[in-house]
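Next come the chains, spelled out residue by residue.
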Amino acid sequence: MSNQHHDILIIGAGLSGIGTACHFAKEFPGKSLAILERRDRIGGTWDLFRYPGIRSDSDMLSFSYKFRPWNKRKVLADGPEIREYIQDTAAEYGITNKIQYGIKITSADWSSQQRLWHLTALHEPSGETRHYRCKYLVCCTGYYNHDDGFLPNFPGEENFKGTLVHPQHWPEDLNYQGKQVVVIGSGATAATLIPAMADRVGHITMLQRSPSYIYSLPSVDKVTAALSRIMPERWANALGRTRNILLYRGVYLACRRWPKMMRSFLLSHVRRNVGPDVDMRHFTPKYMPWDERLCAVPNGDLFKTIRSGKASVETDHIERFTENGILLKSGKELQADIIIAATGLRLQLLGGMSLSIDGKPCPVGEQMTYKGVLMENVPNFSWIFGYTNISWTLKSTISAEYLCRLFKHMEKYNLEVVTPLDNENNTVNDNILGLKSGYIQRDQHLLPRQGRSYPWKVLMHYGRDKKMLLKDPVEDSRLEFLSARQDAYKTQVSRVAG
């Protein structure tokens, strides 16, 4: 048994957790800080997923930390490179020794009397129960279940004599040399796996119920590389980062404003890349762009693999698994030694821990987020949640910077507790992601709600979020503070901004 006390506890040592810890360590060197990580290594998502070809689907200039820019010219980095980048950042900023590994948080309860969070955790390697206390709790666990991906019950699955794999639990010893492989799915995982495996398998088939929008990016940032030869590298990187942020934001807005035009543009892009011999129904989604995430492939590698004949695409529904593969509704049977079910994620918030206030359960799915960072009705709690329409890290970074502003404001005015309260009946029954992807629709009741207006509405807009989080006053009538010297203190809009 252990009982540790810290000023700030961060849950999760992935990209968000390490980045947030770097901000706190720099701005508050006198505060005690610890990171609790369930896995036995730094990296989070980038340590969990080990399937062939695993890579970012955002450009690395905007995906990397602003305070430690990506200094390579590779546009979409692979998983090991990203994991190494996170590890090196933690070491450089003195975060590595603040991480405790193998810690699964099972519950967190806020004590109004003590003004502390009480966490109960399982140290999985030893089976020991541990207890932690903190003044402020920051959750950086992402939004999906690390234990289990989404795996449908396929009819006849028990009859299949080959190997069935989910990419989230990739067997390190899987031998696919010369094998017949079917990948079920049409998203980023399938688009990554197929070109990565194609040169070693006998043949690989992407089996999809419906297509996704896929576009090609250059694998190397030649423009930034050229600029770095005529100006300081940090200037070239900054210009490239700004260019990419504006470009991807512009594409997203164009897709929402002119969906039919952008649909035509994206499909013509695919046609140029796959060539005239590929049936475009395999690449023509039924939905409009950005109803679900777009899928990026470097140098059109997926298209080239299909065009070469090493891979093929089938758009159909599964009738059942057979001994030797998959029987489709059309009557066609796909032969397979290995079936990879790239069928998506399961949502899970806060790493699966239960949240309560004075012993009363506080379901996250019933609360709104304040500025996308704090949680309605939950004292001294924040969660770091990135963007889904551009690089995740852009939002996680400005969220951490906002928390630094908030903590400094509380220190200045001797405030101990902050709680967002909805005093305007803002709630609408809408989850914070705004996407129609299957994994979101299945479990959207788990996600926090958002409001109809500022600051409860999740904007997914980098420019507006920067103003809201980094420029607007910290003080807000929707925040209730408790002072260390008196029972309660409600902010007044007229007070000097923090």
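Fair warning: this is a prediction, and the values are worked out from it, not measured in the lab.

Here's the deal with the overall build of the protein
Then, in step 1: For the protein, the count of helices and strands is twelve helices and 26 strands.
Then, in step 2: Here the protein has a C-alpha radius of gyration of 24 Å; the compact-globule value for 498 residues is 23 Å, and the two agree.
Then, in step 3: Counting only C-alpha atoms and orienting by the principal axes, one finds that the protein spans roughly 75 × 55 × 45 Å.
Then, in step 4: Within the span of the protein, comprising 498 residues, buried residues form 56% of the whole.
Then, in step 5: Excluding contacts between residues fewer than 6 apart, the proportion of contacts in the protein whose partners are at least 24 apart in sequence is 70%.
Then, in step 6: Accessible area for the protein stands at about 21600 Å²; split by element, carbon and sulfur atoms hold 50% of it.
Then, in step 7: Charge separation in the protein, taken as the distance between the mean sites of 64 positive and 51 negative side-chain charges, equals 6 Å.

Thoughts on the pattern of salt bridges
Then, in step 1: Evaluation of the coordinates by the stated rule reveals 28 salt bridges.
Then, in step 2: The residue R50 makes a salt bridge to D47 at a minimum N-O spacing of 2.6 Å.
Then, in step 3: Judged by its relative accessible area of 35%, R50 is partly exposed.
Then, in step 4: For K72, the salt bridge is made with E81, and the minimal N-O distance between the two is 3.9 Å.
Then, in step 5: Residue E81 is classed as buried on the basis of its relative accessible area, which comes to 17%.

Focus: the side chain of S483
Then, in step 1: Within the fold, S483 resides in strand 25 (residues 479–483).
Then, in step 2: By relative accessible area, which is 4% here, S483 ends up buried.
Then, in step 3: A polar contact is formed between the side chain of S483 and the backbone oxygen of N414, at a distance of 3.4 Å.
Then, in step 4: Every residue in contact with S483, bar those within four places of it in the chain, is listed here: R115, N414, L415 and E416.

A closer look at the sheet that holds strand 15 (residues 333–335)
Each strand in a sheet pairs with another by means of backbone hydrogen bonds, the pair being arranged parallel or else antiparallel.
Then, in step 1: Spatial ordering of the open sheet is given by 13-14-15, a layout of three strands whose pairing is antiparallel. A single partner strand is all that each edge strand has here, and the edge strands are strand 13 (318–322) and strand 15. Strand after strand, the sheet turns through a mean of 20° between neighbouring axes, direction not considered.
Then, in step 2: Sheet topology note: the strand 13/strand 14 (residues 325–328) ladder contains four bridges and is antiparallel. Each residue of the ladder has a partner; that of T322, found in strand 14, is G325.

Describing the packing of aromatic side chains
Then, in step 1: Per the stated rule, a full pass over the model turns up 24 aromatic pairs.
Then, in step 2: For the pair F24 and F407, a centre-to-centre distance of 5.5 Å together with 40° between the ring planes defines the contact as tilted. Of the two residues, F24 is situated in helix 1 (residues 15–27) and F407 in helix 10 (residues 392–412); the sequence distance between them amounts to 383 residues. Each member of the pair, F24 together with F407, is buried.

Remarks on helix 10
Then, in step 1: The end-to-end C-alpha distance of helix 10 is 31 Å, a good match for the 30 Å that 21 residues give at a rise of 1.5 Å each.
Then, in step 2: Among the 21 residues of helix 10, 17 are classified as buried, and the element is accordingly described as predominantly covered.
Then, in step 3: Two residues or fewer after helix 10 comes N414, characterised by a positive phi angle close to 55°.

Comments concerning the confidence of the model for the protein
Then, in step 1: Per-residue confidence for the protein averages 90 on the pLDDT scale, and 93% of its residues sit at or above 70.
Then, in step 2: For the protein, the element scoring lowest by mean pLDDT is strand 26 (residues 489–490), at 44; strand 2 (residues 33–37) scores highest, at 97.

Remarks on the sheet that holds strand 9 (residues 203–208)
Then, in step 1: Taken together, the five strands give an open sheet; going across it, the order is 7-16-8-9-12, and neighbouring strands pair in parallel fashion. On the outer flanks of this sheet lie strand 7 (163–165) and strand 12 (311–315), each paired with one strand and no other. The average angle at which neighbouring strand axes cross in this sheet is 20°, direction not considered.
Then, in step 2: In this sheet, strand 16 (residues 338–341) lies alongside strand 8 (residues 180–184) in parallel orientation, the contact comprising four bridges. Bridge assignment links I184 to a residue of strand 16, and that residue is A341.

A closer look at the state of the cysteines
Then, in step 1: A full pass over the atoms with the stated rule returns zero disulfides.
Then, in step 2: Note on C22: no disulfide assigned, nearest cysteine sulfur contributed by C404 at a separation of 11 Å.
Then, in step 3: The closest cysteine sulfur to the non-disulfide-bonded C140 is located on C139, 6.8 Å from its own sulfur.
Then, in step 4: Taking the relative accessible area as the measure of exposure, C140 reaches 7% and is therefore buried.

A few points about the side chain of D472
Then, in step 1: Following the sequence through the fold, D472 ends up in the loop between helix 12 (462–471) and strand 25.
Then, in step 2: According to the relative accessible area criterion, D472 is buried, its value standing at 13%.
Then, in step 3: Residues in contact with D472, not counting those within four places in the same chain, are K371, R405, Y454 and K467.

Details of empty space enclosed by the protein
Then, in step 1: Across all of its chains, the model carries one cavity of 30 Å³ or more by this definition.
Then, in step 2: The calculated volume of the largest cavity comes to roughly 60 Å³.
Then, in step 3: In this structure, the largest cavity is lined by eleven residues; those nearest its centre are G372, F385, K395, V458 and M460.
Then, in step 4: Along the lines of polarity and charge, the residues of the lining of the largest cavity split into six nonpolar, three polar and two charged.

Considering unusual backbone geometry
Then, in step 1: In this model, Y454 is joined to P455 through a cis peptide bond whose omega is -5°.
Then, in step 2: The phi torsion at K371 lies on the positive side, around 55°, for a residue other than glycine.
Then, in step 3: Tracing the backbone through its elements, the reader meets K371 in the loop between strand 19 (369–370) and strand 20 (374–375).
Then, in step 4: Phi at N414 takes a positive value of approximately 55°, unusual for a residue other than glycine.

The rules behind these values
Residues numbered from 1 in each chain as written. Predicted model: local features only at pLDDT ≥ 70, side-chain atom pairs only at ≥ 80, totals over all residues. Heavy atoms only, no water. Helix = DSSP H or I, 4+ residues; strand = E, 2+ residues; numbered from the N terminus. Rg over C-alpha atoms; globule rule 2.2 N^0.38 Å. Buried < 20%, exposed > 50% of the residue type's maximum accessible area, 1.4 Å probe, protein only. Contact = heavy atoms within 4.5 Å. Areas by Shrake-Rupley, 256 points an atom, 1.4 Å probe, with all protein chains shown as cover. Lys, Arg positive; Asp, Glu negative; His and termini not counted. Charge placed at Lys NZ, Arg CZ, Asp CG, Glu CD. Salt bridge = Lys/Arg side-chain N within 4 Å of Asp/Glu carboxyl O. Polar contact = N/O pair within 3.5 Å; in protein donor to acceptor, adjacent residues only side chain to side chain. Pairing = 2+ DSSP bridges. Axes fitted to C-alpha atoms, helices over the stretch in contact; angles between N-to-C directions. Phe/Tyr/Trp six-rings, centres within 6.5 Å; stacked < 30°, edge-to-face > 60°. Expected span 1.5 Å × (residues − 1). pLDDT = per-residue confidence, 0-100. Disulfide = S-S within 2.5 Å. 1 Å grid on protein atoms, 1.4 Å probe; cavity = no way out; pocket = protein on both sides within 12 Å on 5 of 7 lines; lining within 4 Å. Points joined across faces, edges and corners; volume = space filled by probe spheres on them. Nonpolar A, V, L, I, M, F, W, Y, C, P; charged D, E, K, R; others polar.

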